[in-house]
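Report on the structure
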Amino acid sequence: MENEPTTQQPEPYIDAQIAKLKKQGVTFDICTESEAREYMADKCEPHKVSAYARLFDVHDKGEQKDKYVALDFSQLKYLADLDQRLREILLVMTLDIEHFCKTRLLTECAVTEGDGHSIVSGYMDGLDKKRQKYVMSELARHEHESTYQDANPDQMPLWAFLQMVSFGTLLGVIYYCAEQHIGENSVADYSVLHAIKSLRNTCAHGSWVLLDLSPSANGERIAPHEVSDAVAAIGISKRARRRWLQTVPVSQIASLLYLYSQVVPNGSTKTRRLDDLQQFFAVAEKDSVLLEDNPAQAAISFIKRLTEGFGLIE
């Protein structure tokens, strides 16, 4: 006789999380407690999906004071799924940025530096010992993946070096070339690339994108000057820029969309990414269970305006 399938009981911390949410006023009418348990056990960590509750209003007085206003678990689940979909798209776009920045850098440097081995040695010589050790460990770790077998940076051509190092090291090489005036044009502004690197790390580690959407406490602009100027140039109001470019994740996404429009050439790669973005925006509008003034919904609307403004989608 075959063994009958058994249902794994939810972990105690899942039950505790559900009890906490209920105490905070979250309902389980549209998404039942049983469905929520299954979702948190199999698809999304309890703390991660519960954190999206911070995007919703709470009662400020009366018997329901400090409890959420008309918040069902289905809305938290919707945001977790939507955020994951956005992260997947943004992550691949950051990889595109890395690829085409490498291509542009090699093209620019080839004009004056040949195979670029002098760039590699000059960059390495300018690093402190700790950073040199880190880059050497990158080369050793990825040597088997390269078609170039000599991991000695003093003799290594630039194309082979870039094949084996991280995005962070690529940024360092781009900054070095700009400082040394190597190549006719700078590949990209370092601060813009740094913002994209931070976004890439967020997406790769599965962290929240549509969550910490409040402007910086000190009111300072977070987006790089080049991005802020580009956003102004496409007709985004000063009020909207002040609201969203002081927000870490949105300012990073703005940097990504801006540079994507600058360095990724037209072709099948760009078409696929923009199709994915189009579909994301369509789903976010058609299937939304959020009010228009919810910070996540408002952030998505602003991101769509940027995508249109930079000429990536119509």
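So, here's what we can say about the structure. (Residues numbered from 1 in each chain as written. Predicted model: local features only at pLDDT ≥ 70, side-chain atom pairs only at ≥ 80, totals over all residues. Heavy atoms only, no water.)

1. Concerning the overall build of the chain
The helix and strand inventory of the chain stands at 14 helices and 0 strands. Secondary structure elements in the chain, listed N-terminal to C-terminal, are α-α-α-α-α-α-α-α-α-α-α-α-α-α. Across its three principal axes, the chain shows a C-alpha extent of roughly 70 × 65 × 40 Å. The buried share of the chain, taken over its 314 residues, is 46%. Put simply, 73% of the contacts in the chain that link residues at least 6 apart link residues at least 24 apart. Summed over all atoms, the accessible surface of the chain reaches about 16,800 Å², with 48% contributed by carbon and sulfur. Computing the positive centroid from 34 side-chain charges and the negative centroid from 45, the chain places the two 6 Å apart. (Helix = DSSP H or I, 4+ residues; strand = E, 2+ residues; numbered from the N terminus. Buried < 20%, exposed > 50% of the residue type's maximum accessible area, 1.4 Å probe, protein only. Contact = heavy atoms within 4.5 Å. Areas by Shrake-Rupley, 256 points an atom, 1.4 Å probe, with all protein chains shown as cover. Lys, Arg positive; Asp, Glu negative; His and termini not counted. Charge placed at Lys NZ, Arg CZ, Asp CG, Glu CD.)

2. Side note on helix H8 (residues 167-179)
Helix length check: H8, at 13 residues, gives a terminal C-alpha distance of 19 Å against a target of 18 Å (1.5 Å per residue), a fit within 8%. Summarising burial for H8: 10 of the 13 residues are buried, a large majority. Of all the positions in H8, only Phe167, Gly168, Thr169, Leu170, Leu171, Gly172, Val173, Ile174, Tyr176 and Cys177 are classed as buried. (Expected span 1.5 Å × (residues − 1).)

3. Let's talk about unusual backbone geometry
A positive phi angle, near 75°, is found at Asp66, a position not held by glycine. Residue position: Asp66 is located in the loop between helix H3 (46-51) and helix H4 (73-113). Accessibility expressed as a relative area gives 52% for Asp66, which makes it exposed. One non-glycine residue, Ala70, lies in the positive phi region at around 50°. One can find Ala70 in the loop between H3 and H4.

4. Side note on the packing of aromatic side chains
All told, the structure shown has 8 aromatic pairs when counted by the stated rule. Pairing Phe28 with Phe73 gives two aromatic rings, centres 5.4 Å apart and planes at 20°, and the pair type is stacked. Residue Phe28 is found in the loop between helix H1 (12-23) and helix H2 (33-42), and its partner Phe73 is found in helix H4; the two are separated by 45 residues along the sequence. Here Phe28 matches Phe73 in class, with each residue buried. Pairing Tyr175 with Tyr190 gives two aromatic rings, centres 5.0 Å apart and planes at 55°, and the pair type is tilted. Placement of the pair is Tyr175 in helix H8 and Tyr190 in helix H9 (residues 190-204), with a sequence separation of 15 residues. For Tyr190, a relative accessible area of 35% gives the class partly exposed. Each member of the aromatic cluster is reached from another via a ring pair, and the members are Phe28, Tyr39 and Phe73. (Phe/Tyr/Trp six-rings, centres within 6.5 Å; stacked < 30°, edge-to-face > 60°.)

5. Quick look at the packing of H9 against helix H12 (residues 248-263)
Axis separation between H9 and H12 bottoms out at 8 Å; the angle between their running directions is 120°. In this structure, H9 meets H12 at a crossing whose hand is left-handed. Two secondary-structure elements touch here, H9 through Val192, Leu193, Ala195, Ile196, Ser198 and Leu199 and H12 through Gln252, Ile253, Ser255, Leu256, Tyr258 and Leu259. (Axes fitted to C-alpha atoms, helices over the stretch in contact; angles between N-to-C directions. Left-handed = near helix turned anticlockwise from the far one by under 90°.)

6. Focus: the nonpolar core
Counting residues in hydrophobic clusters, the biggest one holds 99 residues, and the most contacted among them are Phe73, Ile97, Leu105 and Phe161. Per-element accounting of this core gives the leading share, 15 residues, to H4. Once you skip the residues sitting within four places of it in the chain, Phe161 turns out to touch Val120, Tyr123, Met124, Val135, Leu139, Met156, Thr169 and Val173. (Core = buried A, V, L, I, M, F, W, Y, C linked by side-chain atoms within 4.5 Å.)

7. Comments concerning the pattern of salt bridges
The tally for this structure, following the rule as stated, stands at 13 salt bridges. Its salt-bridge partner being Arg37, residue Asp15 comes within 2.7 Å of it at the nearest N-O pair. Taken together, the residues span a long stretch of sequence, with Asp15 in helix H1 and Arg37 in helix H2 at a distance of 22 residues. By relative accessible area, which is 33% here, Asp15 ends up partly exposed. Each of Asp15, Lys22, Glu33 and Arg37 takes part in one network of salt bridges that share partners. (Salt bridge = Lys/Arg side-chain N within 4 Å of Asp/Glu carboxyl O.)

8. A closer look at the side chain of Gln75
Within the secondary structure layout, Gln75 lies in helix H4. Once residues within four sequence positions are removed from consideration, Gln75 is found in contact with Phe56, Ala70 and Val289.

9. Description of helix H10 (residues 225-233)
The complete set of buried residues in H10 reads Val227, Ser228, Ala230 and Val231. Along the long axis of H10, the arc covered by the buried residues comes to 165°, so they all point the same way. Pointing more than 90 degrees away from the buried face of H10 are the exposed residues His225, Asp229 and Ala233. Packing partners of the buried residues in H10 comprise H9, helix H11 (238-244), H12 and helix H14 (295-309). (Arc of directions from axis to C-beta.)

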